[in-house]
Amino acid sequence: MADRTPVIAGIGLSDYPKAPHLDAVGHHVLATQRALADSGLRKSDIDGFMCAQGDFAQPDNAGTMAEILGINPRYFDGTAVGGSSFELHVQHAKAAIEAGLCETVLIVYGSDLYTKSGTNPGFGAKKPGEQVAGVLQYEAPWGNTLIGAYAMAAQRHMHEYGTTSEQLAAIAVACRTHAGLNPNAQYRKPLTVEDVVNSRMIADPLHLFDCCVVSDGGGAVIVTTAERARDLRQPPVHILGAASAQTHWNISQMPDYTRTAAERSGKEAFAQAGLTPDDVDTVQLYDSFTITALLMLEDLGFCKKGEGGPFAASGALQLGGSLPMNTDGGALSSCHPGMRGIFLLIEATRQLRGQAGDAQVAGAEVALACGSGGWLSAMGTVILGKDKA
Amino acid sequence: MTNVTTPPTEGRPVPLLDAAGRPYWEATLRGELLVQECPGCGHRQFYPRQICVECGDTPGWLTTEGRGTVHTFSVVRQQGAYPFNQWTPYAVAVVELDEGPRIMGNVIGCEVDEVRIGMRVEVEFVPLNEEASLPFWRPAAT
Ligand SMILES: [Zn+2]
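Let me begin by describing the structure that accompanies this report. No experiment lies behind these values; they were computed from the predicted model shown. (Residues numbered from 1 in each chain as written. Chains lettered and ligands numbered in written order. Predicted model: local features only at pLDDT ≥ 70, side-chain atom pairs only at ≥ 80, totals over all residues. Heavy atoms only, no water.)

Broken down by element type, chain B carries one helix and nine strands. For chain B, the succession of helices and strands along the chain, N to C, is β-α-β-β-β-β-β-β-β-β. Taking 14 Å as the expected radius of gyration for a compact globule of 142 residues, we find that chain B reaches 15 Å, a close match to that expectation. Judged by the C-alpha coordinates and their principal axes, chain B covers about 45 × 30 × 25 Å. Residue pairs in contact within chain B that sit at least 24 positions apart in sequence constitute 57% of those at least 6 positions apart. (Helix = DSSP H or I, 4+ residues; strand = E, 2+ residues; numbered from the N terminus. Rg over C-alpha atoms; globule rule 2.2 N^0.38 Å. Contact = heavy atoms within 4.5 Å.)

Right, here's the structure in full:
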C-alpha cells in the first residue's frame, strides 16, 4: 500500500531582504519556481494550492495567484489568519493528503512590504478621523500601535513573573548571532544585550531591537506523500504533527496576556507526533517581537510558565545551546515581510535536511515551527522530523 | 515625560454606530459606561456583540460605575499616524472594570511614567461628535 505520510518535498525562497525588482506577485512566482526546482516536481504535479492573501482587492489574492501560476487545484485553501497562516496550511495539507483529497500541495507567500512602504503596517484605523466600523471602533480611537499591542503582553509578563528587558534582549541577541551566519540576513552586525536595552523605546517595554525588521520576501513549501517523494530530488522531511488554536483576535480581548493558544496547538502537535519538548533539536519561532518568541517557549513547554526570561538569558537559544532558535536570524534580524510563518517551515526543513550551512544544528532530527497570527491570537504549531514517527 | 491632560479628540477615528454598539455609544453621551450582561447565564462582556460569548443567548446591558484597574498597558512613544503622532508619548491601557469586563483606553491626568499595572482609574467622557463621547481614564483615589 502506498505510503501517504505527508512530507515536505520542496522549499523555495524568493529574494530578500530587499528586492526592488519584485512585486508581491513576483515573490510568489519566484518562490514557487525555486521550490519546484528544489523538489524536482513539475508544476503540473501540483493539485492542491494554499495561499494566505484573503483580500480580493490585492493582486496576489489566493484565487488570482493560482490562476497566475497556472494551477487548477482540486484542493484549495485560502486560510488567512496573519503570520501563522502557513502553519495552518500545513495542518490542512497534511489532513487533505492523508484523506486522499489531493497528492501534492503548494503553499506559497510573497510580499514587497519593504519596497512598497518601508514601514510596518499600522494598527487600527487607516484613515484617522474617518468612521471605523465593527470591533475596531473599540480600539482604534486610542492610537495603539501594532508594537503597543505586543508590548501589553510583555508588560503583563514582566509584572507577573519579573521578566526583564535584559532577558527579552537575549532573544534578539541569539537571532542576531545566527543572522551573522546568513549572508542574506537584513542585519548581521553583532548585537549585545546592552545594545538592545539602550535602543530607543518604541512602546514600553519594547525597544527598537525588540522589534522585527521590515523586509521584502517570499517562500514556498511543497507537501506531498512519502510515496511520491521517494524518487524526488531531496530527502523528505516528515510532518509529524500540525495543529492550530486561537484564543482571541483583537489584543483587547486576549484572555491572559501571558499565555497564548500555542499551549493548545503545541500540546496537540506533540500528541500527534508522539514526542515531547525534550525531543526537539531546534525551534523556529515567530519572533515578530522578542515577547512573541518568549511566550511560545513557555507555552510549547520548553520551559515552565514564567521562566522564559531566565531560559532565554541562559544561552540555550544560541547555536551550541540546548535549543537553537531561529537559525536563519529570525524576523528580528533576517527577514519579515509581514507574515513570517512560511520562513519558519523553510528553515526547519533546511535544518532537517542538513542544508543549513554554518547555522546547521548538529544531528538535528526533530524541528518545531510555531507561527503567530494577529495579535498573539492564532497559533499554528508544526513538528517536523528527519525520519518518520 | 508629558501626557495629555485634556485629551484632544480632533482627528481620532470615529465609531460607525451599528446594531451591536449603538446603545453603548448612545450611553456615552449621557456619561454612562455600559457593558453587556447576559440574561441567560449572567456572563458580562465588552465589546458589545449580538451574542453572549458564553452561552449564545442575546445579551442585555449593565451600567457600570466607570471604575476599574489597569490590567496592562503600553506607552506609545513612536507613532507615525495622524493624529496620534502629535501626542506621543501617551499611555494605552487595558482597564479591568470593577464589573469584570476589560476595555481599552488612554490613561490621562498623570505622567505616562506613572502609569502602573494595578493602578485604580475612573472614566472621564470627552465629547467626540453628536453620536458619541470617548471614555478616557484618570487615576482614581480608590
Ligand atoms: Zn450567556
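Residues and elements named next belong to chain B. Donor atoms from the polypeptide that bind the zinc ion are Cys38 (SG), Cys41 (SG), Cys52 (SG) and Cys55 (SG), placed at 2.3 to 2.4 Å. For the zinc ion, all donor residues lie on one chain, and their spacing in sequence is C-x2-C-x10-C-x2-C. Linking Cys38 in the loop between β2 (34–37) and β3 (44–45) with Cys55 in the loop between β3 and β4 (60–63), this pair joins segments that are 17 residues apart in sequence. Overall, Cys55 belongs to the partly exposed group, its relative accessible area being 42%. (Donors = N, O, S within 2.8 Å, 3.2 Å for Na, K, Ca; no water. Buried < 20%, exposed > 50% of the residue type's maximum accessible area, 1.4 Å probe, protein only.)

Listed as interface residues are 40 residues of chain B and, on the opposing side, 35 residues of chain A. Note on chain B versus chain A: buried area summed over both sides is about 3,300 Å², and carbon and sulfur give 58% of it. For the chain B face of the interface with chain A, the top three residues by lost area are B:Tyr47, B:Gln78 and B:Met104, together amounting to 20%. Scanning the region where chain B abuts chain A turns up one salt bridge. Linking chain B to chain A there are 23 residue pairs in polar contact (both at pLDDT 80 or more). Listed by contribution, the elements that provide at least two residues to the side of chain B that touches chain A are β1 (14–15), α1 (22–29), β5 (67–76), β6 (90–97), β7 (102–107) and β9 (133–139) of chain B. (Buried area = accessible area lost by both parts, 1.4 Å probe. Salt bridge = Lys/Arg side-chain N within 4 Å of Asp/Glu carboxyl O. Polar contact = N/O pair within 3.5 Å; in protein donor to acceptor, adjacent residues only side chain to side chain.)

A word on the nonpolar core. All names here are of chain A. Ranked by size, the top nonpolar core spans 140 residues in total, and within it Leu285, Ile291, Phe302 and Leu368 carry the most contacts. Lining this core are residues from two domains, each supplying at least three of them: domain 1 (6–116 + 216–236) and domain 2 (142–213 + 241–385). Residues in contact with Leu368, not counting those within four places in the same chain, are Phe270, Val280, Thr282, Val283, Gln284, Leu285, Leu300, Phe302, Thr381, Val382 and Ile383. Membership of the second largest hydrophobic core comes to 22 residues, among which are Ile46, Ala66, Leu106 and Ala226. (Core = buried A, V, L, I, M, F, W, Y, C linked by side-chain atoms within 4.5 Å. Domains from an automatic or database assignment.)

Residues and elements named next belong to chain B. The strand order across the open sheet built from three strands is β3-β2-β4, with neighbouring strands paired in antiparallel fashion. Every other strand in the sheet has two partners, leaving β3 and β4 as the edge strands with one partner each. In this sheet, β4 lies alongside β2 in antiparallel orientation, the contact comprising four bridges. Looking at the pairing, Leu34 lines up with Thr63 of β4. (Pairing = 2+ DSSP bridges.)

A ring pair, where both rings are aromatic, is described by two values, the distance of the centres and the angle of the planes. If you walk through the whole model with that rule in mind, you get 15 aromatic pairs over all chains. Seen in terms of ring centroids, A:Tyr138 and B:Tyr47 are 5.9 Å apart; in terms of plane orientation they differ by 15 degrees. Their pairing is stacked. Of this pair, A:Tyr138 sits in the loop between β5 (131–132) and α5 (146–161) while B:Tyr47 sits in the loop between β3 and β4, which puts the two residues in different chains. Here the aromatic rings of A:Trp249 and A:Trp375 are separated by 5.7 Å at their centres, their planes lie at 80 degrees, and the arrangement is edge-to-face. You can see A:Trp249 sitting in the loop between β9 (237–246) and α9 (262–273) and its partner A:Trp375 sitting in the loop between β11 (366–373) and β12 (378–385), a full 126 residues away along the chain. (Phe/Tyr/Trp six-rings, centres within 6.5 Å; stacked < 30°, edge-to-face > 60°.)

Residues and elements named next belong to chain A. The nine strands lie next to each other as β3-β2-β4-β8-β1-β9-β12-β11-β10, forming an open sheet whose pairing is mixed. Among the strands making up the open sheet, the edge pair consists of β3 (75–77) and β10 (282–285). Each adjacent strand pair in this sheet contributes to an overall mean axis angle of 25 degrees, direction not counted. Where strand β2 (residues 48–51) and β3 come together, three bridges link them in parallel fashion. Bridged to Met50 within β3 is Asp77. Lying over the sheet, helix α2 (residues 62–69) contacts β2, β3 and β4 (105–111), oriented at roughly 130 degrees with respect to β2. (Axes fitted to C-alpha atoms, helices over the stretch in contact; angles between N-to-C directions.)

This structure, assessed with the given rule, holds 27 salt bridges over all chains. A:Glu263 is the salt-bridge partner of A:Arg259, the closest N and O atoms lying 2.5 Å from each other. Judged by relative accessible area, which is 30%, A:Arg259 ranks as partly exposed. Across the salt bridge formed by B:Glu32 and B:Arg30, the nearest N and O atoms sit 3.2 Å from each other. Classification of B:Glu32 by relative accessible area gives partly exposed; the value is 28%. On the basis of relative accessible area, B:Arg30 is assigned to the exposed category, the value being 53%. A single network of salt bridges, built from pairs that share partners, joins A:Arg42, A:Asp45, A:Arg228 and A:Asp231.

Next up on the list: the packing of α5(A) against helix α10 (residues 290–299) of chain A. Relative orientation and spacing of two packed helices are given, respectively, by the angle between their axes and the distance between those axes. All names here are of chain A. Running from amino to carboxyl end, α5 crosses α10 at an angle of 55 degrees, the nearest separation of the two axes being 9 Å. Here α5 lies oblique to α10, going by the angle between them. Crossing geometry of α5 relative to α10 is assigned as left-handed. When α5 is examined against α10, the residues Tyr150, Ala153, Ala154 and His157 are found in contact with a partner set consisting of Ile291, Thr292, Leu294, Leu295 and Glu298. Counted by class, the contact of α5 with α10 contains six nonpolar, two polar and one charged residues. (Parallel < 35°, antiparallel > 145°, perpendicular 65-115°, else oblique. Left-handed = near helix turned anticlockwise from the far one by under 90°. Nonpolar A, V, L, I, M, F, W, Y, C, P; charged D, E, K, R; others polar.)

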